[in-house]
Amino acid sequence: SAVISQKPSRDICQRGTSLTIQCQVDSQVTMMFWYRQQPGQSLTLIATANQGSEATYESGFVIDKFPISRPNLTFSTLTVSNMSPEDSSIYLCSIFGGSGTEAFFGQGTRLTVV
Amino acid sequence: LAKTTQPISMDSYEGQEVNITCSHNNIATNDYITWYQQFPSQGPRFIIQGYKTKVTNEVASLFIPADRKSSTLSLPRVSLSDTAVYYCLVGVFKAAGNKLTFGGGTRVLVKP
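Residues numbered from 1 in each chain as written. Chains lettered and ligands numbered in written order. Predicted model: local features only at pLDDT ≥ 70, side-chain atom pairs only at ≥ 80, totals over all residues. Heavy atoms only, no water.

Quick notes on the state of the cysteines
Counted according to the given criterion, the structure contains 2 disulfides over all chains. One disulfide in the model links Cys23(A) with Cys93(A); its S-S distance is 1.9 Å. Measuring handedness by torsion sign, the sulfur bridge of Cys23(A) and Cys93(A) sits at about 70° and is right-handed. You can see Cys23(A) sitting in strand 3 (residues 19–25) and its partner Cys93(A) sitting in strand 9 (residues 89–96), a full 70 residues away along the chain. Accessibility assignment for this pair places Cys23(A) and Cys93(A) in one class, buried. A sulfur-sulfur distance of 2.2 Å marks the disulfide that ties Cys22(B) to Cys88(B). Taking the sign of the S-S torsion, -80° for the link of Cys22(B) and Cys88(B), the bridge is left-handed. One end of the pair, Cys22(B), is in strand 2 (residues 18–23); the other, Cys88(B), is in strand 8 (residues 84–91), with 66 residues separating them in the sequence. (Disulfide = S-S within 2.5 Å. Helix = DSSP H or I, 4+ residues; strand = E, 2+ residues; numbered from the N terminus. Buried < 20%, exposed > 50% of the residue type's maximum accessible area, 1.4 Å probe, protein only.)

Overview of the pattern of salt bridges
Residue and element names in this part refer to chain B. In the structure shown here, the tally under the stated rule is 2 salt bridges over all chains. Residue Lys111 is joined to Asp11 by a salt bridge in which the shortest nitrogen-to-oxygen separation is 3.2 Å. You can see Lys111 sitting in strand 9 (residues 106–111) and its partner Asp11 sitting in strand 1 (residues 9–13), a full 100 residues away along the chain. (Salt bridge = Lys/Arg side-chain N within 4 Å of Asp/Glu carboxyl O.)

Remarks on the environment of Leu62(B)
Of note, Leu62(B) is situated in strand 6 (residues 61–64). Not counting the four nearest positions on each side in its chain, Leu62(B) is found in contact with Ile33(B), Trp35(B), Ile48(B), Gln49(B), Gly50(B), Thr53(B), Lys54(B), Val55(B), Ser71(B), Thr72(B) and Leu73(B). (Contact = heavy atoms within 4.5 Å.)

A word on the sheet that holds strand 2 of chain B
All names here are of chain B. Spatial strand order, 2-7-6-5: 4 strands in an open sheet with antiparallel pairing. The sheet terminates laterally at strand 2 and strand 5 (53–56), the two strands that pair on one side only. Direction aside, neighbouring strands of the sheet carry axes that sit 15° apart on average. Judged from the 3 bridges that link them, strand 6 and strand 7 (residues 70–75) form a sheet pairing that is antiparallel. (Pairing = 2+ DSSP bridges. Axes fitted to C-alpha atoms, helices over the stretch in contact; angles between N-to-C directions.)

Focus: the interface of chain A and chain B
The partner chain B presents 24 residues to the 22 residues of chain A that form the contact. Summing both sides of the interface, chain A and chain B together bury roughly 1800 Å²; the carbon and sulfur share of this comes to 56%. Scanning the region where chain A abuts chain B turns up 0 salt bridges. In this assembly, chain A and chain B are joined by 9 residue pairs in polar contact (both at pLDDT 80 or more). At 4 residues, strand 4 (residues 31–37) of chain A tops the list of elements feeding residues into the side of chain A that touches chain B. (Buried area = accessible area lost by both parts, 1.4 Å probe. Polar contact = N/O pair within 3.5 Å; in protein donor to acceptor, adjacent residues only side chain to side chain.)

Points about the sheet that holds strand 8 (residues 75–80) of chain A
Residues and elements named next belong to chain A. Judged by pairing direction, the sheet is antiparallel, and its 4 strands sit side by side in the order 1-3-8-7 without closing on themselves. The two strands at the open ends of the sheet, each matched to only one other strand, are strand 1 (4–7) and strand 7 (68–72). Geometrically, the sheet is characterised by an average inter-axis angle of 15° between neighbouring strands, direction not taken into account. In the sheet, strand 3 pairs with strand 8 via 6 bridges, with the strands oriented antiparallel. Bridged to Gln22 within strand 8 is Thr77.

Focus on the environment of Asp64(A)
Residues and elements named next belong to chain A. Within the element layout of this structure, Asp64 appears in the loop between strand 6 (56–57) and strand 7. For Asp64, a relative accessible area of 68% translates into the label exposed. Considering only alpha carbons, one finds Asp64 and Met31, 33 residues apart in sequence, at a separation of 21 Å.

Quick notes on the environment of Ile33(B)
All names here are of chain B. Tracing the backbone through its elements, the reader meets Ile33 in strand 3 (residues 32–38). For Ile33 and Thr5, which are 28 residues apart along the polypeptide, the C-alpha to C-alpha distance reads 13 Å. Ignoring sequence-local partners within four residues, the contact set of Ile33 consists of His24, Ile27, Ile48, Gln49, Gly50, Leu62, Ile64, Ser71, Leu89 and Val90.

Right, here's the structure in full:
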């Protein structure tokens, strides 16, 4: 299994500000995935980050709100921009595990917007 | 990914076996069945994956009938630390456009 490290693990932010979440993987991977998990809800895919190309966003998520960087095969960042209380969620990065629907997740970043 | 249906919640007691059944009537030929466990304030953790029959590892067993339209995750002799949400996913990464779609999961509460 892979080791995925996310920073920060949690943060409390003022509305209108932005937060950048970092995701570091201990192996080189082509695709990295960013998810959001709102309180008491299941996971929703935000976007897929491919090294060397623009991220692919899911319906309801836009680049201006959630810009993503993927500078190399082991690292990615997700920025939550111009935050509002509705952005309070856990944000998770993930990688493909190798077969079927096996995947590995970081421990998540718990974001609270006040 | 194939649509899955699983119970919203289940209660159990320490030392008991917990069985969670997931229905996936429209599973495709190449689809795998994968279960994840998520503790509060943590990311989901891969538990087990199978294609047919029975798969067992150090954490759980996965029973898959011949028609593959359902599967049962079995957690032997649960402890309080097994309290978590368990998600059933069915599919194959590449065929699903390299996406995972999580359903609502089953919230398992283990009582003393």
